[in-house]
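Structure at a glance
Residues per chain, in single letters:
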Amino acid sequence: MAKQHLGPITEIIAVEQTPPLTFLSYHNSPFLAVGASFVTVAAPEFQSIDYGFPSFWFAMSISPNLTIGANITGSYWIDDNIQTVGPFLNTVWGTPEKSVNAGFHFHNLKGPDDFHLTDVAFDVSRISRSSKWVMGYGLTAHYLKTYLHVTDHQDSSYKMTTDLNYLFFRFGIYRRIGKNMEMGSEFFLTTGNFISNFNLTFNF
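Figured I'd write up the structure that's included with this text. (Residues numbered from 1 in each chain as written. Predicted model: local features only at pLDDT ≥ 70, side-chain atom pairs only at ≥ 80, totals over all residues. Heavy atoms only, no water.)

This brings us to the nonpolar core. Grouped together as the largest cluster of nonpolar side chains are 17 residues, with contacts concentrated most on Phe 115, Phe 168 and Ile 195. Within the residue set of this core, elements represented by two or more residues are α1 (2-16), β7 (115-129), β8 (133-151) and β9 (157-177). It is α1 that provides the largest number of residues to this core, a total of six residues. (Core = buried A, V, L, I, M, F, W, Y, C linked by side-chain atoms within 4.5 Å. Buried < 20%, exposed > 50% of the residue type's maximum accessible area, 1.4 Å probe, protein only. Helix = DSSP H or I, 4+ residues; strand = E, 2+ residues; numbered from the N terminus.)

Taken as a whole and judged by the stated rule, the model has four salt bridges. Measuring nitrogen to oxygen at the nearest pair gives 2.5 Å for the salt bridge that ties Glu 182 to Arg 129. You can see Glu 182 sitting in strand β10 (residues 181-190) and its partner Arg 129 sitting in strand β7, a full 53 residues away along the chain. Judged by relative accessible area, which is 1%, Glu 182 ranks as buried. Ionic pairing is found between Lys 145 and Asp 163, a salt bridge with its closest N-O pair at 2.8 Å. Of this pair, Lys 145 sits in strand β8 while Asp 163 sits in strand β9; the two residues are 18 residues apart in sequence, bridging distant segments of the chain. (Salt bridge = Lys/Arg side-chain N within 4 Å of Asp/Glu carboxyl O.)

This next bit is on the packing of aromatic side chains. Enumeration over the complete set of coordinates arrives at six aromatic pairs. Judged by centre distance (6.1 Å) and plane angle (50 degrees), the ring pair of Tyr 166 and Phe 168 falls under tilted. Relative accessible area serves as the criterion here: at 6%, Tyr 166 is assigned to the buried category. In this structure Phe 168 comes out as buried when scored by relative accessible area, which is 1%. With a centroid separation of 6.0 Å and an interplanar angle of 90 degrees, the aromatic rings of Phe 168 and Phe 188 are classed as edge-to-face. With Phe 168 in strand β9 and Phe 188 in strand β10, the pair connects residues that are 20 residues apart, well separated along the chain. The rings of Phe 104, Phe 122 and Tyr 143 are connected pair by pair, giving a single aromatic cluster. Here the guanidinium or amino end of Arg 175 rests over the ring plane of Trp 133, the centre of that ring lying 5.3 Å away. (Phe/Tyr/Trp six-rings, centres within 6.5 Å; stacked < 30°, edge-to-face > 60°. Lys NZ or Arg CZ within 6 Å of the ring centre and 35° of its normal.)

Before going further, it helps to spend a moment on the side chain of Thr 10. On the secondary structure map, Thr 10 appears in helix α1. The class for Thr 10 is buried, based on a relative accessible area of 0%. Within the structure, Thr 10 has its side chain in polar contact with the side chain of Tyr 166 (distance 2.7 Å). Residues contacting Thr 10, with those up to four places away along its chain left out, are Phe 115, Leu 117, Leu 144, Thr 146, Leu 164 and Tyr 166. (Polar contact = N/O pair within 3.5 Å; in protein donor to acceptor, adjacent residues only side chain to side chain. Contact = heavy atoms within 4.5 Å.)

This is how it looks when you write it as structure tokens:
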């Protein structure tokens, strides 16, 4: 029951907490990046449409093969605006082109007294870059622990902790605009839901 009720919103939150593929690809020189995910749209059970909030990102390379970053994401829960923040770590490898990526990110969501969330996630992806395009695909696994303080229709109050696990297949395509800007969309598919977003990133 709790999973059915929380599924749509927590799947959107999990996607909004997943770093954009352009932040994960190999860069042959030091870089600093900022970006945002807009217009997150979900189709739970392919029967309705839900919308997410923007997610803002920051990333920097600390070595040719290692990137660190963080994000802040907004969401909405029973008349409350809530925010989630957290860091991510990503490494790349492969020959002749370093196109394989693996990452870890951790997020805490707090705010309302009746809803807390912790998300531990792992990503594996493969990304290719050309002079005009960035494309990638991969898997991202999210392990969520949610805390609820619930009041039912009989005014009975109780607390509940629920574990939710999601595995998304992701695909993204970006158009490079000039030397610094990349614009595109990513698509996430899991059992019973399809989620997409529009991303804009700047590399320096």
